[in-house]
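Okay, here's what each chain looks like letter by letter:
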Amino acid sequence: GAPLAFGSDAPVDPISPLRGFFAAVAPPSLPSPDTSPLAAPLHRRTALHAYTQGAAYAAFQEDEVGSITPGKRADFAVLSDDLLTVPAAQIPTLSVRATYLGGQPTYTHPSHSRPFIETKKHPPDSRRRVLPGYVPHTASFPTLPHSTDG
């Protein structure tokens, strides 16, 4: 099949990946306030892939961003709950707890006093960063093959 990439129609529509994600995965019984419900909602991993790796591929940046992979920038958001398991009706109410660009915090919600990622020091000539394997309550950006629909 064709690669699937999601984004926003900014400035026509607000830049809100959570609203777009909800519109893509919500069952018809939970219509989105912004769009008509899809007859066949997408699986959450498919929608997440479209917003991350799919968007990077569409922008010709798949070697730089789109997944948390060694050698790529660590650009991601930490949410108040797990985007893949929270009940669909709660997706629009999720809040951003932190954002990171290039592995560096750019925003941290006032209720969180500790960093979500700790970097490990390496020799001065090394630019590697080591990320922990699991951070609770994050929107993970898994590396999935295009055919995965989990």
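About the criteria used
Numbering of residues starts from 1 in each chain and follows the order in which that chain's sequence is written. In keeping with the predicted nature of the model, local features appear solely for residues at pLDDT of at least 70, side-chain atom pairs appear and are counted solely at 80 or more, and the whole-chain, interface and lining totals rest on all residues. The side-chain figures draw on all heavy atoms in the structure; neither hydrogens nor water molecules are used. DSSP-based pairing: two strands are paired if at least 2 bridges between them are found. Think of it this way: any DSSP run of H or I at least four residues long counts as a helix, any run of E at least two long counts as a strand, and we number them from the N terminus. Axis definition: a line fit to C-alpha positions, over the contact stretch in the case of helices; interaxial angles, taken between N-to-C directions, run 0 to 180 degrees. Relative orientations are named as follows: roughly parallel for angles under 35 degrees, roughly antiparallel for angles over 145 degrees, roughly perpendicular for angles from 65 to 115 degrees, and oblique for any other angle. Left-handed describes a crossing whose near helix is turned anticlockwise from the far helix through less than a right angle; right-handed describes the clockwise counterpart. When checking whether two residues touch, look at their non-hydrogen atoms; a contact exists if any pair is within 4.5 Å. Only Asp, Glu, Lys and Arg are considered charged in this grouping, and only Ala, Val, Leu, Ile, Met, Phe, Trp, Tyr, Cys and Pro are considered nonpolar; every other residue, Gly among them, is considered polar.

Chemist: Please explain the sheet that holds strand β1 (residues 76-79) as it appears in this structure.
Modeler: Paired through backbone hydrogen bonds, the strands of a sheet run either parallel or antiparallel to each other. Read from one edge of the open sheet, three strands run β1-β2-β3, paired in antiparallel fashion. A strand with exactly one partner marks an edge of an open sheet, and here the two such strands are β1 and β3 (104-108). Going from strand to strand, the sheet's axes swing by 20 degrees on average, the running direction of each strand aside. Inspection of the sheet shows β1 paired to strand β2 (residues 96-101) by four bridges, in the antiparallel sense. Each bridged residue has a counterpart across the sheet, and for Phe76 the counterpart in β2 is Tyr100.

Chemist: Honestly, unusual backbone geometry in this entry has me stumped. Any pointers?
Modeler: In terms of backbone geometry, most residues other than glycine have negative phi values and most peptide bonds are trans. In this structure, Phe60 is a non-glycine residue whose phi angle is positive, near 60 degrees. Topologically, Phe60 is positioned in the loop between α2 (44-58) and β1.

Chemist: Which parts of the structure should I look at to understand the pairing of β2?
Modeler: Looking along a regular strand, one sees side chains alternate from face to face of the sheet. Taken together, the four bridges between β2 and β3 define a ladder with antiparallel strand orientation. Each bridged residue has a counterpart across the sheet, and for Ala98 the counterpart in β3 is Thr108.

Chemist: Quick question: what am I supposed to make of the packing of helix α1 (residues 17-25) against α2 here?
Modeler: A pair of packed helices is characterised by two quantities: the angle between their axes and the separation of those axes. Across the interface, α1 lies against α2 with an axial gap of 9 Å and an inter-helix angle of 140 degrees. Comparing their axes, α2 and α1 come out oblique. Crossing angle aside, the handedness with which α1 passes α2 is right-handed. Touching Pro17, Gly20, Phe21, Ala24 and Val25 of α1 are Arg44, Ala47, Leu48 and Tyr51, all from α2. When grouped by side-chain class, the residues that make up the contact of α1 with α2 number seven nonpolar, one polar and one charged.

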